[in-house]
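# Secondary and tertiary structure notes
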Amino acid sequence: MAFTMIPSILFRGVRPHLLYEAFDGMQTNGNGPRVFLSRVSTSISYKTIQKAMRKPMILSSSLCLLLVTGTLATSIITDPRVVSDTCATIAAAVSSASVVHYSGSSYEEDIRHWASSSTQRAACSFEPGTAADVGIALQILGRNRVPFAVKGGGHAMNPGFSSTTGIQIAMSSFSEIVYDPELQVVSVGAGAIWDDVYAALEPHGVTVVGGRVSGIGVAGFTLGGGYSWLTNQYGLALDNVESFELVLPSGVVIDVTESSHPDLFFGLRGGFDNFGIVTKFVLRAYPQEQIWGGIIIYPETSVGQVTRATASFAASNDDPKAQIIMTTNCIAGNHFVVTTLFYDNPDLAPGVFDDFLDIPALIKDVKTRSLLSLILRASSLPEVESSPLESSTEPLPQWLLVEEVPLSQLPPPAPVNATLAMRGIFNTVTVKQYSVELIEAAINESIHWGQTLMPYSGVFLSYDFTPVMPSAPKRASTPSAWPPAYEGTMMPIVLYFAWISEFSDDMMHRATRQSTSTLLDKAVSLGQDVKDAPLYSNCALFDTPLERMYGNNVERLKKIKNQVDPYNVMNLAGGFKF
């Protein structure tokens, strides 16, 4: 394609700084732009911009169309040459604290996600070592309109939410964990996982409101909500953030607190990466001694008792130190139910979990232990007790047989280690009450879909019930992006499907949609007014409308997004976007 000269008349009415930021240092040859950007500073006088505007620019017809139609700020350029040149530009512009990889073990680790369906082959991976270097990369990415993704712990289940075929930003270097005993806060880097946070804080006798299973990243969990073992006492993870270190889309690094930037503080608490890249969280710390808890796996003959115990606990628990997760699972077509019990004290208060402890069990691993021990144990099949369980009424199925393994020899941290590196997806429905009838419906769904999807490599299905006290999600003194204002209790049912074949992706996604719809209809038929109940954003399927998660907060969040990111730099990354 021949070079095209654009008359200056076409630029009238277009903001000069937009043109300058989009095309400074960029040349084209008709097949897409080639980037020769040697500097990234946008600190330039208006006179210089005017001077640059007077110079004729050589543009391809496709780029001219973008300018004339005003769609530049929403365009994404995927030309492999442009993406490759952008990788090189970032590598040349950042400090020695950061590095760009094109292949090798570091590259593979940078793009790796817990679910293989969330991993994509990026053109390069960028490991920033400083917040300033994150800012430099964002400026270059914004100018070149190249797709990118930001990976914290790598547990995003929605495809493309933290992965890309463009430039993968891996936050692994931001792994610092610093406890301040005077202020009772913990500074945590955006590349840390909760296992490491708990391990670092354990010697100090404190903890934070964080993840409940192993391998979960701090960043995504906190920015999307964060149900914790401590939620009944202190609220969600996002309720316990004192400040964020945020790199704005413009490249400027700021500290965001409730007093310094109230709109951003509102938006970041539940609004994911719409407003820039968070590099550090300052979290409130709380005293933490040993806890009592663990896992119980039940035989099929005990399912009815577990169902009734779960419904009773959800309806009547008034002890904020007590929490459970009940899951109905189907592994390779075999159904079983599991409860994970948590009590925030070394000694269990009388009567709290009697309904669960009295039920005949296959495997029971409950005791006084550290919080970290529970986190790791909840992510692996528990060890069999040293003596046979007197309450067991059935032989242990062969597919559940496990050897006694010391905690130190457990597999590497990963949630539900058995499904690590499989394909997977979350979906969710919000209800007000876990009734016996609703839990039974979920059990029927897990059995039905477990057997239906097994021939299509659907090897693991889980439906999780997490009872919380009505006041739990409202512990925060200030509102947040999620949850929006809502009357009544919000309790999520979370679906997790894992499978092997990529050819089954669409089928699995459709199955979770159908199953959540069935459960929602069931809840409504039982008299629950939950048709418009906010869905939990951390577990919502990728095509969930914003209004179903954020309710009437959407308009405010859009305004905040437009203020801090007028050129939609963050829309070059995946995820739910305002």
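Being a predicted model, the structure only gives us computed values, none of them experimental.

Buried within helix α5 (residues 104-111) we find Tyr 107, Asp 110 and Ile 111. Here the buried residues of α5 occupy an arc of 85 degrees about the axis, which is enough to place them on one side.

Time to look at the state of the cysteines. In total, this model carries one disulfide according to the counting rule given. Note that Cys 87 is cross-linked by a disulfide to Cys 124, the S-S spacing being 2.1 Å. Taking the torsion about the S-S bond as the criterion, the Cys 87 to Cys 124 disulfide, at about -95 degrees, is left-handed. Pair noted here: Cys 87 is in helix α4 (residues 80-93) and Cys 124 is in strand β6 (residues 124-127), with a separation of 37 residues, a long-range link.

By the secondary structure assignment, Phe 174 is in the loop between β8 (167-170) and β9 (177-180). Of the residues examined, Phe 174 reaches a relative accessible area of 6% and is grouped as buried. Between the alpha carbons of Phe 174 and Ala 131 there is a distance of 9.1 Å; along the sequence they are 43 residues apart. In contact with Phe 174, other than residues within four places in its own chain, are Pro 128, Gly 129, Thr 130, Ala 131, Val 134, Gly 189, Ala 190, Gly 191, Ala 192 and Thr 279.

Once that is clear, we can look at the packing of α4 against helix α6 (residues 131-144). Packing of α4 against α6 leaves a shortest axis separation of 10 Å and a crossing angle of 155 degrees. Overall, the two elements α4 and α6 adopt an arrangement that is roughly antiparallel. Here α4 runs over α6; the crossing is right-handed. Taken together, the residues of α6 that come into contact with α4 (itself represented by Val 82, Thr 86, Thr 89, Ile 90 and Ala 93) are Ile 136, Ala 137, Ile 140, Leu 141 and Asn 144.

Residue position: Trp 449 is located in helix α14 (residues 436-453). Sequence-wise, Trp 449 and Met 508 are 59 residues apart; in three dimensions their C-alpha atoms are separated by 9.5 Å.

What follows covers the pattern of salt bridges. Scanning the entire structure with this criterion turns up 14 salt bridges. The salt bridge partner of Glu 242 is Arg 284, with a shortest N-O separation of 2.6 Å. Taken together, the residues span a long stretch of sequence, with Glu 242 in strand β12 (residues 241-247) and Arg 284 in strand β14 (residues 277-284) at a distance of 42 residues. What makes Glu 242 partly exposed here is its relative accessible area of 35%.

Right, let's talk about the nonpolar core for a bit. Membership of the largest hydrophobic core comes to 153 residues, with the highest contact counts inside it found for Phe 148, Ile 167, Phe 497 and Tyr 550. With eight residues, the single largest contributor to this core is strand β22 (residues 491-499). Once residues lying within four places of it in the same chain are set aside, the contact partners of Phe 497 are Arg 423, Gly 424, Ile 425, Trp 449, Leu 453, Phe 460, Leu 461, Tyr 463, Met 508, Ala 511 and Thr 512. Ile 297, Phe 336, Ile 363 and Ala 378 belong to the second-largest nonpolar core, a separate cluster that totals seven residues.

As enumerated under the stated definition, the model contains 21 aromatic pairs in all. An aromatic cluster is defined as three or more aromatic residues linked by ring pairs; in this entry it consists of Trp 114, Phe 426, Phe 460 and Tyr 496.

With antiparallel pairing, the seven strands of this open sheet are ordered in space as β19-β16-β18-β17-β21-β22-β20. Bordering the open sheet on either side are β19 (363-369) and β20 (423-431), each of which pairs with just one other strand. The mean angle between the axes of side-by-side strands here comes to 15 degrees, regardless of whether they run parallel or antiparallel. Judged from the 10 bridges that link them, strand β17 (residues 322-331) and strand β18 (residues 334-343) form a sheet pairing that is antiparallel. Bridged to Ile 325 within β18 is Thr 340. α14 rests against β17, β18, β20, β21 (458-465) and β22 of the sheet, and its axis sits at about 170 degrees to β21.

Counting all residues, the mean pLDDT for the chain is 85, and 80% of those residues have values of 70 or more. For the stretch residues 1-70, pLDDT sits under 50, and the model shows 106 contacts to residues farther than four places along the chain or on other chains. Confidence over residues 382-416 falls short of pLDDT 50; this stretch has 75 contacts with residues more than four positions distant or in other chains.

This part takes up the sheet that holds β12. The strand order β9-β10-β14-β12-β13 describes an open sheet built from five strands, whose pairing is antiparallel. With one partner strand each, in any of the chains shown, β9 and β13 (253-256) form the two edges of the open sheet. Pairs of neighbouring strands in the sheet enclose a mean axial angle of 15 degrees, with direction left out of account. When β12 meets β14, the two strands line up antiparallel, connected through six bridges. Note that in β14 the partner of Val 241 across the bridge is Leu 283. Across the sheet, α6 is in contact with β12, β13 and β14; its angle to β12 comes to roughly 50 degrees. Each of β9, β10 (185-189) and β14 is contacted by helix α7 (residues 194-201), which is oriented at about 40 degrees to β9, the strand it contacts most.

Another point: helix α11 (residues 303-316). Quick reminder: α-helices carry 3.6 residues per turn. Residues three or four places apart thus point the same way. Over its 14 residues, α11 runs 20 Å from end to end, which matches the ideal 20 Å to within 8%, given 1.5 Å per residue. Looking at the packing, one finds that the buried side of α11 touches β16 (291-298), β17, β18, α12 (354-357) and α14.

That bond from Trp 482 to Pro 483 is cis: its omega, -5 degrees, falls within 30 degrees of zero. Inspection of the secondary structure assignment puts Pro 483 in the loop between β21 and β22. Although it is not a glycine, Ser 457 sits at a positive phi angle of roughly 75 degrees. Note that Ser 457 resides in the loop between α14 and β21.

Reading the values: the criteria
- Residues numbered from 1 in each chain as written.
- Predicted model: local features only at pLDDT ≥ 70, side-chain atom pairs only at ≥ 80, totals over all residues.
- Heavy atoms only, no water.
- Buried < 20%, exposed > 50% of the residue type's maximum accessible area, 1.4 Å probe, protein only.
- Helix = DSSP H or I, 4+ residues; strand = E, 2+ residues; numbered from the N terminus.
- Arc of directions from axis to C-beta.
- Disulfide = S-S within 2.5 Å.
- Contact = heavy atoms within 4.5 Å.
- Axes fitted to C-alpha atoms, helices over the stretch in contact; angles between N-to-C directions.
- Parallel < 35°, antiparallel > 145°, perpendicular 65-115°, else oblique.
- Left-handed = near helix turned anticlockwise from the far one by under 90°.
- Salt bridge = Lys/Arg side-chain N within 4 Å of Asp/Glu carboxyl O.
- Core = buried A, V, L, I, M, F, W, Y, C linked by side-chain atoms within 4.5 Å.
- Phe/Tyr/Trp six-rings, centres within 6.5 Å; stacked < 30°, edge-to-face > 60°.
- Pairing = 2+ DSSP bridges.
- pLDDT = per-residue confidence, 0-100.
- Expected span 1.5 Å × (residues − 1).

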